[in-house]
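Below, each chain spelled out in residue letters.
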Amino acid sequence: WKGKQKLMMVECLKKEIEACTLCLPHLAHGVRPVVQLSKRAKIAIAGQAPGRVVHETGVPFNDQSGDRLREWLGVDRDQFYNPDLFAIVPMGFCFPGSGKSGDLPPRPECRATWHDRIFQEMDQLELIIVIGAYAIDYHLGGRAYKTLTDTVKNWREFEPRHMVLPHPSPRNNIWLRRNPWFETDVLPSLRNRVHCLSS
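Within any chain, residue numbers begin from 1 and follow the written order of that chain's sequence. Predicted model: local features are reported for residues with pLDDT of at least 70 only, side-chain atom pairs are reported and counted for 80 or more only, and whole-chain, interface and lining totals are derived from all residues. Side-chain measures were taken over the full set of non-hydrogen atoms in the model, leaving aside hydrogen atoms and water.

Caption draft 1: Geometry of the overall build of the protein. A helix here means a DSSP run of H or I that spans at least four residues, while a strand means a run of E at least two residues long, and both kinds are numbered starting from the N terminus. When you go through the protein residue by residue, the secondary structure sums to 9 helices and 6 strands. Radius of gyration: C-alpha atoms only; globule rule: 2.2 Å multiplied by the number of residues to the exponent 0.38. For the protein, whose C-alpha radius of gyration is 16 Å, the value lies close to the compact-globule estimate of 16 Å for 199 residues. Dimensions of the protein along its principal axes, counting C-alpha atoms only, are 45 × 40 × 35 Å. Only protein chains enter the area calculation, which uses a 1.4 Å probe; residues under 20% of their type maximum are buried, those over 50% are exposed, and those in between are partly exposed. The buried share of the protein, reckoned over its 199 residues, is 48%. The contacts in the protein between residues at least 6 apart in sequence include a share of 69% that link residues at least 24 apart. Within the structure as shown, the protein displays about 10,300 Å² of accessible surface, and the carbon and sulfur contribution to it stands at 50%. Charged residues are defined narrowly, with Lys and Arg counted positive, Asp and Glu counted negative, and His plus the chain ends left uncounted. Charge placement uses NZ in Lys and CZ in Arg. For Asp and Glu, CG and CD serve respectively. Taking the average location of the 27 positive side-chain charges in the protein and that of its 22 negative ones, the two points are 2 Å from each other. Whether two residues are in contact is decided by their heavy atoms, any of which lying within 4.5 Å being enough. Accessible surface area values rest on a Shrake-Rupley calculation with a 1.4 Å probe, where residue burial reflects the displayed protein chains alone.

Caption draft 2: Expanded view of the pattern of salt bridges. Criterion for a salt bridge: a side-chain nitrogen of Lys or Arg within 4 Å of a carboxyl oxygen of Asp or Glu. Counted according to the given criterion, the structure contains 7 salt bridges. Close ionic contact of Lys39 with Asp123 constitutes a salt bridge, the shortest N to O distance being 2.6 Å. One end of the pair, Lys39, is in the loop between α1 (2–18) and β1 (43–46); the other, Asp123, is in the loop between α5 (108–121) and β5 (127–131), with 84 residues separating them in the sequence. On the accessibility criterion, Lys39 (12% relative accessible area) is buried. Among the salt bridges present, the one from Arg111 reaches Asp137, with a minimum N-O distance of 2.8 Å. One end of the pair, Arg111, is in helix α5; the other, Asp137, is in helix α6 (residues 133–139), with 26 residues separating them in the sequence. What makes Arg111 partly exposed here is its relative accessible area of 34%.

Caption draft 3: Here's a closer look at helix α9 (residues 181–198). Every helix has an expected span of 1.5 Å times one less than the residues it contains. For α9, spanning 18 residues, the distance from its first C-alpha to its last is 25 Å, which sits close to the expected 26 Å at 1.5 Å a residue. The sharpest bend along α9 measures roughly 35 degrees and falls at Leu187, with the proline Pro188 sitting one to four residues further on. Those residues of α9 that fall on the buried side of the exposure criterion are Trp181, Phe182, Val186, Leu187, Leu190, Arg193, Val194, Leu197 and Ser198. A residue's bend is simply the angle between two axes: one fitted to the seven residues ending at it, one to the seven starting at it.

Caption draft 4: Main features of the sheet that holds strand β2 (residues 86–88). Spatial strand order, β2-β1-β5-β6: 4 strands in an open sheet with parallel pairing. One side of each edge strand has no neighbouring strand; the edge strands of this open sheet are β2 and β6 (162–165). Mean inter-strand twist for the sheet, computed between neighbouring axes without regard to direction, equals 20 degrees. Here a strand pair is declared whenever DSSP counts at least two bridges between the two strands. Lines fitted to C-alpha atoms define the axes, with helix axes restricted to the stretch in contact, and inter-axis angles between N-to-C directions lie between 0 and 180 degrees.

Caption draft 5: Here's a closer look at the nonpolar core. To qualify as a nonpolar core, a set must consist of buried Ala, Val, Leu, Ile, Met, Phe, Trp, Tyr and Cys residues joined through side-chain atoms within 4.5 Å. Ranked by size, the top nonpolar core spans 54 residues in total, and within it Leu73, Ile118 and Ile129 carry the most contacts. No other element matches α9, which puts 7 residues into this core.

Caption draft 6: Quick peek at the pairing of β1. What you see with β1 is no split at all: Ile43 and Ile45 on one side and Ala44 and Ala46 on the other are buried throughout. Across 4 bridges, β1 lies against β5 in parallel orientation. Within the sheet, the bridge partner assigned to Ala46 lies in β5 and is Val130.

Caption draft 7: Layout of α5. Relative to the 20 Å expected for 14 residues at 1.5 Å per residue, α5 spans 20 Å between its end C-alpha atoms, a close match to the ideal helical length. Of all the bends found along α5, the most pronounced is centred on Trp114 and spans about 45 degrees. Burial in α5 covers these residues: Glu109, Cys110, Trp114, His115, Ile118 and Phe119.

Caption draft 8: The arrangement of the environment of Ile45 in detail. Mapping Ile45 onto the fold places it in strand β1. Taking relative accessible area as the criterion, Ile45 reaches 0% and is therefore assigned buried. In this structure, the C-alpha to C-alpha distance between Ile45 and Arg68, residues 23 residues apart in sequence, is 14 Å. Look past the residues within four positions of Ile45 in its chain and what remains in contact with it is Phe61, Leu69, Leu73, Phe80, Phe86, Ala87, Ile88, Val89, Pro90, Ile129 and Ile131.

Keep in mind that these numbers describe shape and distance, not what the molecule does.
Next comes the structure, spelled out in structure tokens:
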């Protein structure tokens, strides 16, 4: 009964988030919270916020960034979108809109309202894949290095609970070319861990 109750609590929490309108006054494109939760998932992907394509489709990482992320993880779309394998918990659940140099930062209301509750309920998680500065700040806090590069480079310090990745956006192609160690050192360990936890 206890296990069933916990499953129901996570499902109720997901429905609460999907009905959230806290940020409506600040979002030019309206609210469309995008989240994937399950009490069975052992892996959570903690990103930034949905982009325009994700906002339009309601499917997380349903864009070029998602294609690259799935390649990094070594999983296909069916595995990735199976909530019993992967939870997807961005720092902002709605598309924040676009600025001069890309998408705006995630709205702070999500972190303040939902994130502590989510990770308290989903205490079964064994790996949180942390993507981007806002997720690093929440999940690693003072343990993070001053730069994203140094934080990713020292990824072993955050195991086994966390793995830190750069954003898989095509905007990061230059970073990936400048840091070939990411592909040779980090990705094989990431894929192995993901395979162990999702098979």
